[in-house]
Amino acid sequence: MFNTPKDTKSSLPEQFGKAEVNRRRSVLHDGIRIEGQWVSDGIVEFGGQFRGGLSVETLVLTKDGRINGDIRAQIVTIEGTLDGTILAQSVNIKTSATVKADIQTESISIDSGAAFEGRISCKGVPSDR
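Just so it is clear, the model here is predicted, and its values are computed rather than measured. (Residues numbered from 1 in each chain as written. Predicted model: local features only at pLDDT ≥ 70, side-chain atom pairs only at ≥ 80, totals over all residues. Heavy atoms only, no water.)

Provide a residue-level description of the overall build of the protein, including the pertinent values.
Of the regular secondary structure elements, the protein holds 1 helix and 8 strands. Its helices and strands in sequence order give the protein the pattern α-β-β-β-β-β-β-β-β, from N to C terminus. Counting the 129 residues in the protein, one finds 43% classified as buried. Summarising the internal contacts of the protein: among those between residues at least 6 apart in sequence, 15% fall at separations of at least 24. Accessible surface computed for the protein: about 7300 Å², of which carbon and sulfur atoms make up 44%. (Helix = DSSP H or I, 4+ residues; strand = E, 2+ residues; numbered from the N terminus. Buried < 20%, exposed > 50% of the residue type's maximum accessible area, 1.4 Å probe, protein only. Contact = heavy atoms within 4.5 Å. Areas by Shrake-Rupley, 256 points an atom, 1.4 Å probe, with all protein chains shown as cover.)

Give a detailed account of the nonpolar core, specifying residues and quantitative values.
Within the largest apolar cluster, 23 residues are counted, with the highest numbers of intra-cluster contacts made by Leu 59, Ile 67, Ile 71, Val 76 and Leu 82. The residues contacting Leu 82, other than those within four sequence positions of it, are Leu 61, Ile 67, Gly 69, Ile 71, Thr 98, Val 99, Lys 100 and Ala 101. (Core = buried A, V, L, I, M, F, W, Y, C linked by side-chain atoms within 4.5 Å.)

Just give me the short version of the pattern of salt bridges, but keep the residues and values in it.
Applying the stated rule across the entire model yields 1 salt bridge. Here Asp 102 ties to Arg 119 by a salt bridge, and the two come within 3.0 Å at their closest N and O atoms. Here the residue Asp 102 occupies a position in strand β6 (residues 98-105), and Arg 119 occupies one in strand β8 (residues 115-122), the gap between them amounting to 17 residues. For Asp 102, a relative accessible area of 22% corresponds to the partly exposed category. On the basis of relative accessible area, Arg 119 is assigned to the exposed category, the value being 60%. (Salt bridge = Lys/Arg side-chain N within 4 Å of Asp/Glu carboxyl O.)

I'd like to hear about the confidence of the model for the protein, residue by residue, with values.
This prediction gives the protein a mean pLDDT of 84; 78% of its residues lie at or above 70. In this model residues 1-6 is a low-confidence stretch, pLDDT under 50, and it forms 12 contacts with partners more than four residues away in sequence or in other chains. A low-confidence stretch, residues 13-21 stays under pLDDT 50, and its non-local contacts, those more than four residues away or across chains, total 15 contacts. (pLDDT = per-residue confidence, 0-100.)

Tell me about the packing of aromatic side chains, residues and numbers included.
Scanning the entire structure with this criterion turns up 3 aromatic pairs. Each ring, one from Trp 38 and one from Phe 50, has its centre 6.0 Å from the other, and the planes form 45°; the classification is tilted. Taken together, the residues Trp 38 in strand β2 (residues 33-46) and Phe 50 in strand β3 (residues 49-61) connect sequence positions 12 residues apart. By relative accessible area, Phe 50 is classed as buried at 3%. (Phe/Tyr/Trp six-rings, centres within 6.5 Å; stacked < 30°, edge-to-face > 60°.)

Could you give an account of the environment of Leu 54, with specific residues and numbers?
With respect to the helices, strands and loops of the structure, Leu 54 is situated in strand β3. Look at Leu 54 and you get buried, because its relative accessible area is 1%. Through-space distance from the C-alpha of Leu 54 to that of Val 44 is 10.0 Å; in sequence the pair is 10 residues apart. Contacts of Leu 54, omitting those with residues within four sequence positions, involve Trp 38, Leu 59, Ile 67, Asp 70, Ile 71 and Arg 72.

Below, the structure is given as C-alpha cells:
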C-alpha cells in the first residue's frame, strides 16, 4: 500500500479536476490480465485481473473483476474484489464486493452484504451553510 496525502482534491491527478473531461469508456472483461500502471481520463469498466496502480476518472470493477493495487479516481464502484488502497471523491461498495483496503474519500456507501476490511477516512463535502 502507499502513503497518500491528506488533501484528497489536490492529490487526484490534475486532469480529473477539470470540468471538461473527455468521457471515453474502456470496457475490459474477464480473461484480461494487466500488470503495471494504468492511466485513463475516461470511464473504465474492468472485469479482469489487475495488479498495480490505476489513475482513472471513473472506475467500475465488475463482479468478476479483481484488483490488487492502488486506485486514484473521482468515482469508484466496486462489485468485485479489491486488495489495496482507494483515493477518490466518491466510493460505492456493492453487495457482491470483497474489499480489503484503506480508503480516503469525501463520500462512501457500503451496501448490506458487502465484505469490507480496512480503514476509511471520510471528510465529507463542506456545506455552504
